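These are the residues of each chain, in order.
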Amino acid sequence: YGDSNLDGQVNSVDVSLINNSGKFGAGGTNAVWSQGDFNYSGNVNSVDTSLLNNAALFGTGTYLPITPTASASTQSTPIATSSSTTLLAAWAAFATDSQTPRQTKKK
């Protein structure tokens, strides 16, 4: 819990995103993970901040596991970078590619 931008770390960037979202204590039911709704209740409250605090990941570096590769010394990279535009561009490319009809060979 706490990695609001999904970059593999819980740090001040995540806390800033939560604070700047204006959702904490605002009520309503339309808050999302990136705004600090870590229990998917639709609002950001003390339950969400407790989840962030109790996870004890703040400032500890990446929480992503090392994955087995050809080189044992290679660590996994976070799925998202600190730039949300990179992730959005990847999703856009995927969506565009998956909607392109494939041509089949005629026999």
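Structure's up top.
Here's what I pulled together on the structure shown here. (Residues numbered from 1 in each chain as written. Predicted model: local features only at pLDDT ≥ 70, side-chain atom pairs only at ≥ 80, totals over all residues. Heavy atoms only, no water.)

Regarding the overall build of the chain
- Scanning the chain for helices and strands turns up 3 helices and 0 strands.
- Considering the chain as a whole, with its 107 residues, one finds that 21% of them fall into the buried category.
- Restricting the contact set of the chain to residue pairs at least 6 apart, pairs at least 24 apart contribute 40%.
- Working note: accessible area of the chain is about 7700 Å², and carbon and sulfur atoms make up 58% of it. (Helix = DSSP H or I, 4+ residues; strand = E, 2+ residues; numbered from the N terminus. Buried < 20%, exposed > 50% of the residue type's maximum accessible area, 1.4 Å probe, protein only. Contact = heavy atoms within 4.5 Å. Areas by Shrake-Rupley, 256 points an atom, 1.4 Å probe, with all protein chains shown as cover.)

A short note on the environment of valine 10
- Looking at the element boundaries, valine 10 is found in the segment before helix H1 (12-21).
- Considering only alpha carbons, one finds valine 10 and alanine 55, 45 residues apart in sequence, at a separation of 9.7 Å.
- Excluding its chain neighbours within four sequence positions, the residues that come into contact with valine 10 are Tyr1, Gly2, Asp3, Leu57, Phe58 and Gly59.

Re the environment of aspartate 14
- Along the chain, aspartate 14 turns up in helix H1.
- Linking aspartate 14 and glutamine 35, residues 21 residues apart in sequence, is a C-alpha distance of 8.9 Å.
- For aspartate 14, the residues in contact, after removing those within four places along its chain, are Gly2, Asp3, Ser4, Asn5 and Gln9.
- A polar side-chain atom of aspartate 14 sits 3.0 Å from the main-chain amide nitrogen of serine 4. (Polar contact = N/O pair within 3.5 Å; in protein donor to acceptor, adjacent residues only side chain to side chain.)

Details of unusual backbone geometry
- Non-glycine residue leucine 6 carries a positive phi angle of around 55°.
- Considering the arrangement of structural elements, one finds leucine 6 in the segment before H1.
- For tyrosine 40, which is not a glycine, the phi torsion comes out positive at approximately 60°.
- Its location among the elements puts tyrosine 40 in the loop between H1 and helix H2 (46-55).

Comments concerning the nonpolar core
- Counting 6 residues, the largest nonpolar core consists of Ile18, Ala31, Trp33, Phe38, Val44 and Leu52.
- If sequence neighbours within four positions are ignored, tryptophan 33 has contacts with Tyr1, Gly2, Asp3, Ser4, Leu6, Phe38 and Tyr40. (Core = buried A, V, L, I, M, F, W, Y, C linked by side-chain atoms within 4.5 Å.)

Here's the deal with the packing of aromatic side chains
- For the coordinates displayed, the defined rule picks out 3 aromatic pairs.
- With a centroid separation of 4.8 Å and an interplanar angle of 75°, the aromatic rings of tryptophan 33 and phenylalanine 38 are classed as edge-to-face. Summarising the burial analysis for this pair, tryptophan 33 and phenylalanine 38 share the class buried.
- Three or more aromatic residues link up through ring pairs in this structure, and these residues are Tyr1, Trp33, Phe38 and Tyr40. (Phe/Tyr/Trp six-rings, centres within 6.5 Å; stacked < 30°, edge-to-face > 60°.)

A look at the side chain of lysine 23
- Within the secondary structure layout, lysine 23 lies in the loop between H1 and H2.
- Buried and unpaired, lysine 23 has no salt bridge, with aspartate 37 as the nearest side chain of opposite charge at 9.7 Å.
- A polar contact is formed between the side chain of lysine 23 and the side chain of asparagine 30, at a distance of 3.1 Å.
- Apart from residues no more than four positions distant in its own chain, lysine 23 is found in contact with Asn30, Ala31, Gln35 and Val44. (Lys, Arg positive; Asp, Glu negative; His and termini not counted. Salt bridge = Lys/Arg side-chain N within 4 Å of Asp/Glu carboxyl O.)

No statement about biological role is implied by the geometric values presented.
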